[in-house]
Amino acid sequence: MSAVAVAPPAGARAPLNLAFVEAGREHPTSLGAEIGGRPALLLPVDYTCGNVCDPMVSLSAAALQATGLRPGVDVRLILVGLDPRDGPAAARALLARDGAGNALGDGVRALVGDRAAIDRLTGALGYSLTTDREAEAIVHPAAALLLAPDGRLARVLSPLALNGRDLRLAIVEAGEGRIGDLTDRFTLLCYGFDAATGIYTPLVRRILMAAALLTLLAVAGGLLLLGRWSRRAAR
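Residues numbered from 1 in each chain as written. Predicted model: local features only at pLDDT ≥ 70, side-chain atom pairs only at ≥ 80, totals over all residues. Heavy atoms only, no water.

The next subject is the pattern of salt bridges. The tally for this structure, following the rule as stated, stands at 13 salt bridges. The residue R109 makes a salt bridge to E34 at a minimum N-O spacing of 2.5 Å. Here R109, found in strand β6 (residues 108-112), pairs with E34, found in helix α1 (residues 31-35); they are 75 residues apart in sequence, far enough to count as distant. Of the two residues, R109 and E34, neither departs from the other in class, the shared state being buried. With a shortest N-O distance of 2.5 Å, D106 and R109 are connected by a salt bridge. Judged by its relative accessible area of 39%, D106 is partly exposed. Linked by salt bridges that have partners in common, E34, R76, D106 and R109 make up one network. (Salt bridge = Lys/Arg side-chain N within 4 Å of Asp/Glu carboxyl O. Helix = DSSP H or I, 4+ residues; strand = E, 2+ residues; numbered from the N terminus. Buried < 20%, exposed > 50% of the residue type's maximum accessible area, 1.4 Å probe, protein only.)

Pasting the structure below:
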């Protein structure tokens, strides 16, 4: 188990040119094509694992729905099989079991690839796994990797503890201003990501700075109105 961890190197980035097969249509594709210039929640999974991977996918799909963002337009959930022995049929079976395909439609893609592609992807992101040869199972971290549109690793999240609010903030932050609204941006000014808990918590200093700025703007506005009123009274 000591070999199972997520320890991304500085500036970790997923290689967008990696070749995979998209399980739904069984056609060749690349990671970059599936990301499609939008943030993506990447879930490395074992398609035949029903104990942990199924809940990871279903909870991630539910959290994406709860964000209020548009799956397939603003963000995409991308599953990547960790076992090269699993083909498209195994990937489709997982999506059918947990309902993510029906819930997200075009917003979820399941990819299968060879050992070289899997190793390059996990190595680039610092995602370490091993094989339990007795059980013939893949032992891997339960982690959701949020990628920016350019493949940069923006956040490592827990797929078993995701909620719509924190996932939305993480996606808006990874989208670098291209998705979300003014409320999201204001919230990000006052909240920061706590890697220990995996949630966004208030940043007291930023909140105080924002309050001070609002106070200064209110005072300046009051003085401006008072000056105009004084000039009018003098006339």
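From this point, things continue past the structure.
With 33 residues, the main nonpolar core has Y47, L77 and L79 as its most contacted residues. Those elements that place two or more of their residues in this core are β4 (40-45), α2 (53-66), β5 (76-81), α3 (88-98), α4 (100-104), β6, β10 (144-147) and α6 (164-174). Grouped together as the second largest cluster of nonpolar side chains are 22 residues, A12, I78, L125 and L153 included. (Core = buried A, V, L, I, M, F, W, Y, C linked by side-chain atoms within 4.5 Å.)

The contact between α2 and α6 brings their axes to 8 Å, and the two run at 75°. In terms of orientation, α2 lies roughly perpendicular with respect to α6. Taking contact as the criterion, the partners of A63, L64 and A66 in α2 are, on α6, G164, L167 and I171. Looking at the contact of α2 with α6, its residues break down into five nonpolar, one polar and no charged. (Axes fitted to C-alpha atoms, helices over the stretch in contact; angles between N-to-C directions. Parallel < 35°, antiparallel > 145°, perpendicular 65-115°, else oblique. Contact = heavy atoms within 4.5 Å. Nonpolar A, V, L, I, M, F, W, Y, C, P; charged D, E, K, R; others polar.)

Counting buried residues in β5 gives six out of six residues, a clear majority hidden from the surface. Residues of β5 alternate between two faces, with R76, I78 and V80 on one and L77, L79 and G81 on the opposite face, all of them buried. In this sheet, β5 lies alongside β4 in parallel orientation, the contact comprising six bridges. Bridge pairing links L41 to L77 in β5. Since β4 and β5 lie parallel, the crossover through α2 that links them has a hand, and here it is right-handed. For β5 and β6, the ladder comprises four bridges, and the chain directions are parallel. (Pairing = 2+ DSSP bridges. Right-handed = clockwise from strand over helix to strand, strands pointing away.)

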